[in-house]
Structures are given as C-alpha cells and as structure tokens.
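Coordinate analysis (summary)
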Amino acid sequence: MTLRVLLIDDNAERSATVSAGLTADGCTIVGHITEHADIVTEVRLRRADIVVCDLDHASRDAIESMGALHRDEPRPVVMFVDTTDPDSINAAMKAGVAAYVVEGLQPSRVRAVIDVAVARFKAHQALRAELAEAKTALTERKLVDRAKGLLMQSRRMSEDEAYRTLRRLAMDQGKRLAEVAENVISMAKLL
C-alpha cells in the first residue's frame with residue numbers, strides 16, 4: 001500500500017533527505033510544511049494518510065497542533081526530534097502521536113517506524129471505537145431500565161411485561177428499543 005505522507009519540517013535540507021528516503025520506500029510525499037502551518041487543514045487538503053514530523057524539539061505549539069489533528073482529523077503521527085524531555089514525550093503521547101523517536105532519524109529506518117506507528121494508530125482507533133460503542137450501549141441500557149421502571153410504576157406491570165411492552169412498541173414503530181424508551185421517559189415527564 002502506498003502511503004500518502006505529509007512531511008513537517010522547518011529544515012529544508014533535512015526534509016529533502018527524509019523525503020528521498022520515504023519516496024525510495026514507496027511512499028508518496030503529498031507536501032512539505034512547517035510546524036507553524038495549519039496541520040488539520042493541510043491533512044484534509046492533501047488527503048494525507050500519515051504525518052511525519054522532523055523537528056529539533058517538540059514545541060508546545062507543535063504538540064497542540066498534533067492534539068487538534070488527533071481530535072479533528074485522526075491520522076497516525078510520527079515525530080522525530082533531536083532533543084526532548086519527559087514532559088514533551090508525555091504531552092505528545094496524550095496528543096495522539098503514534099511514534100516519538102529521539103535522535104533516531106535514519107532514512108533507512110523511517111519506513112519501519114511508520115509501519116509500527118500505523119499499526120499502533122489502528123489499534124488505538126479500534127479501542128476508541130470499542131469504548132464509544134460500550135458507552136452507547138450503557139446509555140441505552142440505562143434508558144430502557146428507566147422506561148421499564150416508569151411503566152412498572154405507572155401501569156403496575158412486572159419487569160418482564162414492561163420490557164415486552166417496550167419491545168412491542170419498538171417493533172410496531174420500526175424504531176430501536178432505546179428510542180422508544182426515550183420517548184416513554186419524555187412522555188412521563190409531560191404527565
């Protein structure tokens with residue numbers, strides 16, 4: 001698979017070296033920008049698959065930009081830095097950087113680091129999706145339980161009868177059980 005890489009580097013000579021290495025490894029460089037550019041917009045416009053940053057050090061602004069990218073347009077991000085400190089590493093990881101490499105930019109190793117970053121990013125995205133799905137299921141379960149409770153109280157039904165009533169309403173209306181439960185709760189508030 002050919003990766004579309006957006007390269008972020010303020011040093012033109014170093015950028016050219018990294019670009020040549022990536023191109024030799026089968027990547028397509030979709031752009032060279034500086035760390036002061038609007039990274040989210042550039043990723044969208046250039047349809048980048050991955051962002052590779054080669055910086056002297058991970059500035060607060062660069063890390064904040066990576067956080068915005070992770071929030072608005074999630075992509076794997078690889079950061080190569082010459083100098084760092086533990087706070088920068090922690091901030092970068094919290095901002096969604098998939099790989100953070102200190103003093104390790106060797107054009108022959110860049111593709112391997114990118115492949116690891118892409119795999120880590122995909123695993124992280126899968127966990128995020130699983131978490132979101134679990135939160136949704138829990139919220140829906142709470143709605144159904146609350147609606148069942150309201151039906152049990154107002155109509156003197158058993159829990160099974162209340163559940164069957166909600167289920168029948170959902171089927172009759174062609175809606176999801178959680179939607180019907182939400183409607184029952186809303187109606188109960190009105191009465």
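Note that this is a predicted model, so its numbers are computed, not measured.

How each quantity is defined
Residues numbered from 1 in each chain as written. Predicted model: local features only at pLDDT ≥ 70, side-chain atom pairs only at ≥ 80, totals over all residues. Heavy atoms only, no water. Helix = DSSP H or I, 4+ residues; strand = E, 2+ residues; numbered from the N terminus. Rg over C-alpha atoms; globule rule 2.2 N^0.38 Å. Buried < 20%, exposed > 50% of the residue type's maximum accessible area, 1.4 Å probe, protein only. Contact = heavy atoms within 4.5 Å. Areas by Shrake-Rupley, 256 points an atom, 1.4 Å probe, with all protein chains shown as cover. Lys, Arg positive; Asp, Glu negative; His and termini not counted. Charge placed at Lys NZ, Arg CZ, Asp CG, Glu CD. 1 Å grid on protein atoms, 1.4 Å probe; cavity = no way out; pocket = protein on both sides within 12 Å on 5 of 7 lines; lining within 4 Å. Points joined across faces, edges and corners; volume = space filled by probe spheres on them. Nonpolar A, V, L, I, M, F, W, Y, C, P; charged D, E, K, R; others polar. Pairing = 2+ DSSP bridges. Axes fitted to C-alpha atoms, helices over the stretch in contact; angles between N-to-C directions. Expected span 1.5 Å × (residues − 1). pLDDT = per-residue confidence, 0-100.

1. Examining the overall build of the chain
- Per the secondary structure count, the chain includes seven helices and five strands.
- If you list the helices and strands of the chain from N to C, you get β-α-β-α-β-α-β-α-β-α-α-α.
- Here the C-alpha atoms of the chain give a radius of gyration of 25 Å, more than 25% beyond the 16 Å that 2.2 N^0.38 yields for 191 residues.
- Taking all 191 residues of the chain together, the buried fraction comes to 40%.
- Residue pairs in contact within the chain that sit at least 24 positions apart in sequence constitute 64% of those at least 6 positions apart.
- Carbon together with sulfur atoms contributes 52% to the accessible area of the chain, which is approximately 11,200 Å² in total.
- For the chain, the separation between the mean place of its 27 positive charges and that of its 29 negative charges on side chains is 12 Å.

2. A look at the layout of surface pockets
- Approximately 330 Å³ is the volume attributed to the largest pocket.
- Taken together, 13 residues form the lining of the largest pocket, with Leu151, Arg155, Leu169, Val184 and Met187 sitting closest to its centre.
- Contributing elements (two or more residues each) for the lining of the largest pocket: helix H5 (107-155), helix H6 (159-173) and helix H7 (177-190).
- For the lining of the largest pocket, the leading source of residues is H7, giving five residues.
- For the lining of the largest pocket, the class distribution of residues is eight nonpolar, four polar and one charged.

3. Overview of the sheet that holds strand E3 (residues 50-57)
- Spatial ordering of the open sheet is given by E2-E1-E3-E4-E5, a layout of five strands whose pairing is parallel. At either end of the open sheet lies a strand with only one pairing partner, and these are strand E2 (28-33) and strand E5 (99-102). Going from strand to strand, the sheet's axes swing by 20 degrees on average, the running direction of each strand aside.
- Pairing between strand E4 (residues 77-83) and E5: four bridges, direction parallel. Looking at E5, one finds that Val78 is bridged to Ala99.
- Seen against the sheet, helix H3 (residues 60-72) touches strand E1 (4-8), E3 and E4 and runs at an angle of roughly 170 degrees to E4.

4. Considerations on H6
- Along its 15 residues, H6 runs 21 Å from first to last C-alpha, staying within 8% of the 21 Å computed at 1.5 Å per residue.
- Once H6 ends, the next one or two residues include Gly174, with phi positive near 65 degrees.

5. Regarding the confidence of the model for the chain
- Mean pLDDT over the chain works out to 89, with 97% of the residues at or above the 70 mark.
- Put simply, helix H1 (residues 12-24) is where the chain has its lowest mean pLDDT, 84, and H6 is where it has its highest, 94.

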